[in-house]
Structure formats: C-alpha cells, structure tokens
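Notes for the structure review
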Amino acid sequence: MRWIALGVCVTQIPLLDLTRQYQTIAAEVERAVLDVMASGRYIGGDRVAQFERQFAQYVGTNECVSCNSGTDALYLTLKALDIGEGDEVIAPPFTFFATVETISAVGATPVFVDIDPKTFNLDTSAVDAAIGARTKAILPVHLFGRPLDMTALSDLAASRNLAIVEDCAQATGASWQGRQVGSFGRAGCFSFFPTKNLGAFGDGGAVTTDDPEFARRVRALKEHGATQRYVHEEVGVNSRLDAVQAAVLQVKLKYLDEWNEARRDVARRYGELLTPIPHIELPPETTDGVSVWNQYTIRVRPPLDRDRVRQNLQALGVSTMVYYPLPLHHQPVYRQLGYSVGAFPHAERACQEVLSLPMFPELTLEQQQEIVYRLKSAIDP
Ligand SMILES: *Cc1c(COP(=O)(O)O)cnc(C)c1O
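For every chain, the first residue of the written sequence is number 1, and numbering continues from 1 along that sequence. Given that this is a predicted model, residues contribute local features only at a pLDDT of at least 70 and side-chain atom pairs are listed and counted only at 80 or more, while totals for whole chains, interfaces and linings are drawn from all residues. Working from all heavy atoms in the structure, the side-chain values ignore hydrogens and water.

1. A short note on a nonpolar patch on the surface
For patches, a residue must show more than 30% relative accessible area and have no salt bridge; joins then use 9 Å for like charges and 5 Å for nonpolar side chains, namely Val, Leu, Ile, Met, Phe, Trp and Tyr. Note on areas: Shrake-Rupley, 1.4 Å probe, and residue coverage restricted to the protein chains presented here. Salt bridge, as used here: a side-chain nitrogen of Lys or Arg that lies within 4 Å of a carboxyl oxygen of Asp or Glu. A cluster of nonpolar side chains, namely Leu34, Met37, Tyr42 and Ile43, defines an oily patch on the protein surface of about 410 Å² accessible area. Helix and strand definitions follow DSSP, with helices as H or I runs of at least four residues and strands as E runs of at least two, each counted in order from the N terminus. Mapped onto the elements, Tyr42 comes out in the loop between α1 (18–39) and α2 (46–59). The exposure class assigned to Tyr42 is partly exposed, which follows from its relative accessible area of 45%. Throughout, exposure labels follow a simple rule: accessible area from a 1.4 Å probe, protein chains only, divided by the maximum for the residue type, with under 20% read as buried, over 50% as exposed, and the rest as partly exposed.

2. Some remarks on the site of the ligand
Being near a molecule or strand, for a residue, means having at least one of its heavy atoms within 4 Å of it. The local shell around the ligand holds 14 residues, among which Gly70, Thr71, Asp167, Ser191 and Lys196 are the closest. Residues adjacent in sequence count toward polar contacts only when both atoms are side-chain atoms; beyond that, a polar contact is any pair of N or O atoms within 3.5 Å, and within protein one must be able to donate a hydrogen and the other to accept it. Between Asp167 and the ligand, the recorded distance is 2.8 Å, taken from a side-chain N or O atom to a nitrogen atom. Between an oxygen atom of the ligand and a side-chain N or O atom of Gln170, the distance comes to 2.8 Å. Protein chains shield 92% of the accessible area of the ligand, which is 380 Å² for the free molecule. Breaking the shell around the ligand down by element, the ones donating at least two residues are α3 (70–80) and α4 (97–105).

3. Re the environment of Phe193
Position of Phe193 among the secondary structure elements: in the loop between β10 (187–191) and β11 (205–209). Sequence spacing of Phe193 and Ala169 is 24 residues, and the spatial spacing of their C-alpha atoms is 8.6 Å. Apart from residues no more than four positions distant in its own chain, Phe193 is found in contact with Leu198, Gly199, Ala200, Gly202, Asp203 and Gly204. Should any heavy atoms of two residues lie within 4.5 Å, those residues are considered in contact.

4. Quick word on unusual backbone geometry
For the peptide bond that leads from Thr275 to Pro276, omega is -15°, which places it in the cis range. Mapped onto the secondary structure, Pro276 falls in the loop between α8 (256–273) and β14 (280–281). Omega for the peptide link from Tyr323 to Tyr324 comes to 10°, which places this bond in the cis form. Tracing the backbone shows Tyr324 in the loop between α9 (306–315) and α10 (345–353). For Asp82, which is not a glycine, the phi torsion comes out positive at approximately 60°.

5. Structural notes on the packing of aromatic side chains
Pairs were defined over the aromatic rings of Phe, Tyr and Trp, the Trp ring being its six-membered one, requiring ring centres within 6.5 Å. Orientation was assigned from the angle between planes: stacked under 30 degrees, edge-to-face over 60, tilted for the rest. A full pass over the atoms with the stated rule returns 20 aromatic pairs. Measuring from ring centre to ring centre gives 5.7 Å for Phe120 and Phe144, while their planes differ by 75°; the resulting arrangement is edge-to-face. Placement of the pair is Phe120 in the loop between β5 (109–112) and β6 (135–138) and Phe144 in the loop between β6 and α5 (150–159), with a sequence separation of 24 residues. Judged on exposure class, the residue Phe120 and its partner Phe144 are both buried. In textbook terms, an aromatic cluster arises when at least three aromatic residues are bridged by ring pairs, as seen for Phe94, Phe96, Phe120, Phe144, Tyr323 and Tyr324.

6. Comments concerning the side chain of Glu166
Mapped onto the elements of the fold, Glu166 is located in strand β7 (residues 163–167). In this structure the side chain of Glu166 is engaged in a polar contact, spanning 2.8 Å, whose partner is the backbone nitrogen of Gly185. Excluding residues that lie within four positions of it along the chain, Glu166 makes contacts with Pro140, His142, Met150, Val181, Gly182, Ser183, Phe184, Gly185, Ala187, Gly188 and Cys189.

7. Considering the sheet that holds strand β9 (residues 179–180)
We treat two strands as partners when DSSP finds at least two bridges between them. Here we have 3 strands laid out as an open sheet, ordered β9-β8-β15, and antiparallel in their pairing. Two strands bound the open sheet, and with one partner strand each, they are β9 and β15 (289–290). For strand β8 (residues 175–176) and β15, the ladder comprises 2 bridges, and the chain directions are antiparallel. Within β15, the position partnered with Trp176 by the bridge is Gly289.

8. Brief notes about the domain arrangement of the protein chain
For every domain, the bounds stem from an assignment made automatically or drawn from a database. Splitting the protein chain by domain gives domain 1 (2–17 + 256–379) and domain 2 (22–253). Using C-alpha coordinates to define each centre, domain 1 is positioned 26 Å away from domain 2. Across the contact, 38 residues belong to domain 1 and 40 residues belong to domain 2. Inspection of the domain 1/domain 2 interface yields 0 salt bridges. The tally of links between domain 1 and domain 2 comes to 23 residue pairs in polar contact (both at pLDDT 80 or more). Every element with two or more residues in the side of domain 1 that touches domain 2 is listed here: α8, β15, β16 (296–300) and α10. Each residue gets one of three labels, nonpolar for Ala, Val, Leu, Ile, Met, Phe, Trp, Tyr, Cys and Pro, charged for Asp, Glu, Lys and Arg, and polar for the others, Gly among them. For the side of domain 1 that touches domain 2, the class distribution of residues is 22 nonpolar, 10 polar and 6 charged.

Below, the structure is given as structure tokens:
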C-alpha cells in the first residue's frame, strides 16, 4: 500500500494475480488434488490419460501427449521429426528463448525471419525467402495469445514440403478461422506454466497432433525411448505431467473459455480507455482469428522513453513487464550465427518499444481505469 500526492491510498496493481483465480475454484481443485493424494497413483494413471483425451478434444486433434513443460513439448516434437545436426528450422527472433533453444538443443540451427510489426508474429510473407536446402520445419509462435495467419503459412509449408511446429505456449484456446491453434501444424506445443492461459500449479506441457504414429514416437521419446517397458528403441528423456497437475488442469480446462472471454473483455476495455494517447500504440484487432490475450502489449514510441515510462509507472504502483528486451539473434549464445544489428529491424524495434500491461481475467474495470490514469501520469509526470 502506498500514498500518492493527492492523498489517495493506492494499492499496487500486479501484472498478474493468480490468487484471484484460485479463490474461484479452490474447493473444486483441492478436492481433485486430495483425490490424487489418496489414490497412491502419482505418476501416470487415469487422471493423466483423461486429461490427454480432454485436451485433444478441446484443441480438435486426434492425439495429445502430455509432458513436463512447453520446452519439452517443443524438444520432443523436433526430435520426433528427426530434426538434428545440419538441419535448419525457421523461427521468429522475437519470442521467449525456449522456442529457439529447443532447435539448438536437438543440434539443428535456427534461421530467423523478422516479425510483422503490427501483430508481433512471424511475417509469413518473408518466410519463403528464408527456406533453403537444409530447411526442415517452420516454428511459428502465436505470441501474446494472438493467432498467426495459419492459412498463408500452411499453404507455403505444404508447397515446400515442410513441417509446421506451432508454439502455442501463450495461446491455449486461440483460434484461426474457427480452428484452434495447435491443430494446424504437424504438431502443436503447449505450456501449462502457471502464467499461461491454462496454467497448472507447477510445470506441465503437451504435444497435440492428428498423426497417431507421430504421437507414438513422442510418447516413446518422453519415456526414455521405450515403446514397452524396459525395451528401448532409442535414447529419449524423462518428461512427465504429474497426476496432481493433470487433476488441476482437468478442473481448470472447464473454465478456460470463460477466462479467455474475460481476457478479451479486459483487452476491449483497454482499447477504449487508452485511446488516444500520443505515442502509445495499441495492439490491433485480430481479424480472421480469436486472440486469448496472454499479454496486453502496447508500444511506447519515441519521443517517449519506454524504460522511463515503465519506471514511473512502477513508482505509481503499476507493475508492467518488457516481453522481450533482447531479440534472440542478439543473445550472447547466438552471436556465432553472425546476425548484425539491423538484421531484423522490426524485432529489434519491438524490443525497444514494447510494454506489457497488467492482464488477467479477474482484472476489474476500476483497476484498468486506475492503470490508464497512472500511465498518463507516468508519461507526463
Ligand atoms: C512459456 C513458453 C515456452 C516454454 O514453456 P515452459 O512450460 O515454460 O517450458 C515456450 N515458448 C513460449 C512462446 C513460451 O511463452
């Protein structure tokens, strides 16, 4: 709690408040977790199998293989596609590090393609020029919950005989032309990290696919490469969704559409409250798709100084975040790829200008009014 000049008592407005959502489902989720505890079955079992079926049905795919994280979902998928040494995978330079880290982890090389400055998603019109003899897959990200143009990308991938691996970590429940993300590519990779739209009480992830043979391979890889117990056809990893997390996710999946709808209301209200503020650019409407607003990310344009505005806002009691401050082609670990400054100007400029405001389904109108009021003060202190 702090006091500002007017003598008004203001509470800190967090970027995200997971306790509010928990309170609405506490009794139900606690019963589910206690059930698992009493069952004595903590790894695998009915809960995990049931959740996999429910999640596949939700996304609209034949198969779902759960695993320990979104990162593992991506890694297992690339492995199951036999992508490795000497191969290239096309990905955006403006995303969470894990997207591209997994390409390197299987031994392949990321090839970056710039983003569309309006949507922050991969510029699908620039992908074709980056495809070479070694390209094996395209790894688009539905960033901040906004679905990518999957029509354009699917056509391109089909004509060039490339696999699409969708990074859906921030977009559970988003859809493109009426179809859920994660159902377009060869595989959809999901994260159930607590801050994602469908978040567990710890780590979790899943791979969705229509191909039963591919699902079988992913399942083997996440169980030490075993297709039957103690018979190992290849070297895999250990990557499980715990039964307790599956139980939590089963409960939360029932409310996901409602929560995503509430996020859309929050986004709509921001759109109304924030216009027009000079040099502040809002995320555009989604056409042809439905966003689930994992983040509400504005641009703070020059002559405004994004970092200064953010500091002022923090002092006024509003938490914000910069997703992401450094483009992946400028990460120390990727220096050896040799991309220069200016290689991907849209990604680089996004890193200078983006600011994610508080966004969660339970954010109230009063809080949003307060955020916008304080943002104006942060710009013109
Ligand atoms: C969160 C995230 C991941 C990784 O998910 P984890 O479950 O944290 O491993 C991958 N890609 C993107 C875009 C993410 O936001």
